[in-house]
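Descriptive analysis of the structure
As a plain string of letters, each chain reads:
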Amino acid sequence: MTLEVRNLQTHFHTKAGVVRAVDGVSFSVAEGKILGLVGESGSGKSVTGFSIMGLVDPPGRIVGGQVLFQGRDIVGLPEAEIRKLRGNRIAMIFQDPMMTLNPVLKVETQMIEAIRAHADVDRKTAWTRARDALGQVGIPSPEERLASYPHQFSGGMRQRVAIAIALLNKPDLIVADEPTTALDVTIQGQILYEVQKLARETRTALIWITHDLSVVASLADEICVMYAGRIVERGSVDEVLDAPAHPYTAGLIGSVPSRNAKGQPLTQIPGVMPSMLNLPSGCAFRLRCAHADARCEVAPPEPVGPRGVRCVRPLAGPRTGAAA
Amino acid sequence: MTVFIIRRLMQSGLVLLLMSLIVFFGVFAIGDPVEIFIAADADQAERERAIAALGLDRPIWEQYFFFVANALKGDLGRSFVFNMPSIDLILMRLPATLELALVAVAMSVLIGVPLGMYAGYRPDSVGAKTIMAGSIFGFSLPTFWVGLMLILIFAVELGWLPSTGRGELGTFLGVQSSLFTWNGLSHLFLPALNLALFNISLVIRLTRAGMRENLPMDYVKFARAKGLSQRRVVLVHVLKNILIPIVTVVGLEIGQVIAFAVVTETIFAWPGMGKLIIDSINNLDRPVIVAYLLIIVIMFIVINLIVDILYSILDPRVRLGDMGK
Amino acid sequence: MTDALHPAAPPKVETPFRRFVADFCESRIALAGLAVFVVVFAAAMLCAWISPQNPYDLRQLDIMDGKMKPGSTSGDGLVFWLGSDSQGRDMVSAILYGLRTSFLVAVTSGFIAAAVGTTVGLLAAYYGGRVDTLLMRAVDIKLSFPAILIALILLAVLGQGTDKIILALVIIQWAYYARTVRASALVERRKEYVEAAHCLALPKSRILFRHILPNCLPPLIVVGTIQIANSIALEATLSFLGVGLPITEPSLGLLIANGFEYILSGVYWISFFPGVALLVTIVSINLVGDQLRDVLNPRLQK
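In this text the structure is predicted, and so the values were computed from the model without any measurement.

1. Observations concerning the overall build of chain C
Per the secondary structure count, chain C includes twelve helices and two strands. The order of helices and strands in chain C, counted from the N terminus, is α-α-α-α-β-β-α-α-α-α-α-α-α-α. Relative to its full complement of 302 residues, chain C shows a buried share of 45%. Taking the contacts inside chain C whose residues are at least 6 apart along the sequence as the reference set, 69% of them involve residues at least 24 apart.

Okay, here's the thing in structure tokens:
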């Protein structure tokens, strides 16, 4: 198993109170597999990604749980140790390619420093590797492009550069935080295709964080759906998308337009995500849930196993969790 | 780039023309040019000769051209007090002022940037709060009073440093400066610190604001995600981004510093052109005042031009003429 | 959703002014600054009644009491808490009278500059186009020259005098107000209520001064506060250099200049205490100004 996250808790201690952005999340990804981490904004999916990277900034802090990378718990490792992993064994791709590259440094500087931070190679060797990485992600005439500044690239090209940087040191795990959200649909397709291909070829494990179910549908092997800092449903792509058990997952699927359901009204989830400072007791989703009743006021049990749901009144689908 | 420089040069020419008009009318229309250019103790014959020589009996627009033509020839009248061409007098004093101003600017960057970076990096630490409180004082303390206090503490009470004059000059690569002798340095330190104090505070605030603005940005997190050391992230990635506005502001401040050198030079008896202008105002040595004004206006225009060009070189987004959107 | 469950129940109506006061009071340092400023300002304005002597009534001065140390007693039994100057003048009294002069000059010039600058800024924003370009170019050129240089030029040409230094301070400051007002007026002008006022065919001057101007006040207040502090400092500097206020109207700068020649002989108090008074005044105004900027800045509002 490349990565195993166990009961991860990342809290933000703000003036207004403690925000439990990630509150007991567990999942795992195997070598060469792709995990889709799905949720609305504020569900804690990005914070989960940053927690794995050890990049949670104050007032946020990992207060509990384990992040086992290749069997070794990396929570609480000294900064120098975790830095050896970052960008080397675990890489990350960010959401907005316009913001992730440093505007005043040349692309080659930003690539070469990433190589030389982890390997004792001379500039020439590093430069060659950077050039090859750019070629690998489909950037034409990489030699010339290396000497350019980020603003001379289009958004899609910048994201390719960011992906090339993530791939530079052939990591074992890539955390991709909505890397296609800010891009045009056509570019989105290309990037999805290429990332998938690269991950399969290099046997890299991939965590794809997104709010867009249609993206993970074509990409991921497994899906975890997050709501209010917790995983509410987990399973293989087909299981979750074809037979969602949690009303929230069903709501998400219902709100995606599809060809097969032309002419039928889209369903929508009423209301908005509750404030993380003021979550309802019991199931966090119950105030927006059409199926909720008195039983939902008690916290639902933790989903266990590869297919699980955090709901006492699940829809069709698995029986786990409903046993209570 | 060339188009940009040409356009800026034309603008500068326009400003210079405008300022020459203002100085001219300030001197000739509001004040009495006879009084300004002719010593008060001159006799009647001398006066008439001078009036004819300066063309003061001609119509006003002709006088203006006369003034500009003379100015272009480098003739801005003779100093009554020193009895030499006023422009030569000012150019003689210029190096001392430039030396003081440049050392002060260097000090403000070398002290201000590290302190500001620390204050922005650890905003809640006691050190940062002390630095910021200090910077409020640096802003509020009137330069001339700080100068007096520096003299009182370091020259009168402690007796460590001299309080007046420029000291010995050394020559290095054909440049004469007090930077090259110990005696010169000891004379330079207090005035330069005095002049730098306001700008140290300014640079601290700018740097701190830049740190606070840049640290939460995605590119910083991405740089950290690459596994770079915190040192490299802050000293290369962040610093390079915040240096752009700092260089711009500090560049523009050079003009301010040269102007404020008037105060510091008066206090420390530094033989620069700022002290000269105050002496000239007090002695009613008006040709020197006119020459000083024109020269300082030209200096300002040149400094602004250089800063604009420097800025476009530093920021790759401006350099290539598109904003990267 | 949560609102429906927990209906907000504030008994007190929150007016913008109340919120402004509450926000301002959040910083204890700014409150302290305000308190100090009020005390200093009141003491300066009441100097004729509260100061131990009239420092410029020569009959009350005795040269024998000159350069006395802080805390010593004069021949008439007056205690010089902060010492006396070379002519036997009580420093406390001299500082209070000096502060009054400094305040009067700064506030008068500040109001005139604000009036001129506001008018220019409003006109530029309202008419736009050529008028705007021309006025703003003038502002840019003015701002590219340091204040002290402009003041020196003006005073060298005009000569000394209270009216002249006020004029110089107005010429130095108007551009800051003009630029600030123009920036916020430009934003306001595009808003719908101005359009509505146009539709009602209200006269232009009414739209400008009754509708747009009140909305430009917050940044104007911030700039005004900082400018008052700056002009106090600048006036002191000019008076110190001997080109500012005449000797008949001694401000703090002149007091400090008078003490300058005695500093080398260790008689520090003639320069030191007026400087401290100047510093306390400027710091307290700047503290208030800093907090005003934070509170009134719409970008920082929660």
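2. A short note on the sheet that holds strand 1 (residues 3-14) of chain A
Residues and elements named next belong to chain A. The four strands are arranged 2-1-4-5 in an open sheet whose pairing can be described as antiparallel. Each edge of the open sheet is held by one strand with a lone partner, namely strand 2 (17-29) and strand 5 (72-73). Pairing of strand 4 (residues 60-69) with strand 5, which is carried by two bridges, proceeds in the antiparallel orientation. In the sheet register, Phe-69 faces strand 5, and the bridge partner there is Arg-72.

3. Points about the interface of chain C and chain B
Opposite the 30 residues of chain C that make contact, chain B presents 34 residues. Where the side of chain C that touches chain B is concerned, the elements lending two or more residues are helix 7 (147-158), helix 10 (204-241), helix 11 (252-263) and helix 12 (269-296) of chain C. The biggest single contributor to the side of chain C that touches chain B is helix 12 of chain C, with seven residues.

4. Re the pairing of strand 10 (residues 230-236) of chain A
All names here are of chain A. Burial analysis of strand 10 places six of its seven residues in the buried class, the great majority of the element. Two successive antiparallel strands, strand 9 (residues 222-227) and strand 10, enclose a turn made up of two residues, where Ala-228 displays a positive phi of approximately 50°. In this structure, strand 10 lies alongside strand 11 (residues 308-309), joined through two bridges in antiparallel fashion. Directly across from Arg-234, in strand 11, lies its bridge partner Gly-308.

5. Let's talk about the confidence of the model for chain A
For chain A, the mean per-residue pLDDT works out to 83, and 95% of the residues sit at or above 70. Segment residues 318-324 of chain A: pLDDT under 50, and 22 contacts once partners within four positions in sequence are set aside and those in other chains are kept.

6. A few points about the confidence of the model for chain C
All names here are of chain C. Model confidence for chain C is summarised by a mean pLDDT of 80, while 89% of its residues fall at 70 or above. Within chain C, the lowest mean pLDDT, 44, falls on helix 1 (residues 2-5), and the highest, 88, falls on helix 5 (residues 91-127). This stretch, residues 1-10, has a pLDDT under 50; its non-local contacts, to residues over four places away or in other chains, come to eight contacts. Predicted complex, confidence summary: ipTM 0.85, pTM 0.79.

7. What about the environment of Asp-73 of chain A?
Inspection of the secondary structure puts Asp-73 of chain A in strand 5. Sequence-distant contacts of Asp-73 of chain A, defined by excluding residues within four places in its chain, comprise Gln-66, Val-67 and Leu-68 of chain A.

8. A few points about the sheet that holds strand 6 (residues 90-93) of chain A
Judged by pairing direction, the sheet is mixed, and its seven strands sit side by side in the order 6-7-8-3-9-10-11 (chain A) without closing on themselves. A strand with exactly one partner marks an edge of an open sheet, and here the two such strands are strand 6 and strand 11 of chain A.

9. Some thoughts on the pairing of strand 1 of chain A
All names here are of chain A. Of the pairings in the sheet, the one linking strand 1 to strand 4 comprises eight bridges and is antiparallel in character. Paired with His-11 across the strands is Arg-61, a residue of strand 4. Relative to strand 2, strand 1 runs antiparallel, the two being bridged by nine bridges. Residue pairing for strand 2: Thr-14 is matched across the bridge by Gly-17. Turn length for the strand 1-strand 2 hairpin, with the two strands adjacent in sequence and antiparallel, is two residues.

10. With respect to the environment of Tyr-149 of chain A
Looking at the secondary structure, you find Tyr-149 of chain A in the loop between helix 6 (142-146) and helix 7 (155-167). A count of 21 C-beta atoms within 10 Å places Tyr-149 of chain A in the buried class. With 46 residues separating them in the primary sequence, Tyr-149 of chain A and Pro-103 of chain A have C-alpha atoms 6.8 Å apart. Look past the residues within four positions of Tyr-149 of chain A in its chain and what remains in contact with it is Lys-106 of chain A together with Pro-316 of chain B.

The rules behind each value
- Residues numbered from 1 in each chain as written.
- Chains lettered and ligands numbered in written order.
- Predicted model: local features only at pLDDT ≥ 70, side-chain atom pairs only at ≥ 80, totals over all residues.
- Helix = DSSP H or I, 4+ residues; strand = E, 2+ residues; numbered from the N terminus.
- Buried ≥ 20, exposed ≤ 12 C-beta atoms within 10 Å, placed from the backbone.
- Contact = placed C-beta atoms within 7 Å.
- Pairing = 2+ DSSP bridges.
- pLDDT = per-residue confidence, 0-100.

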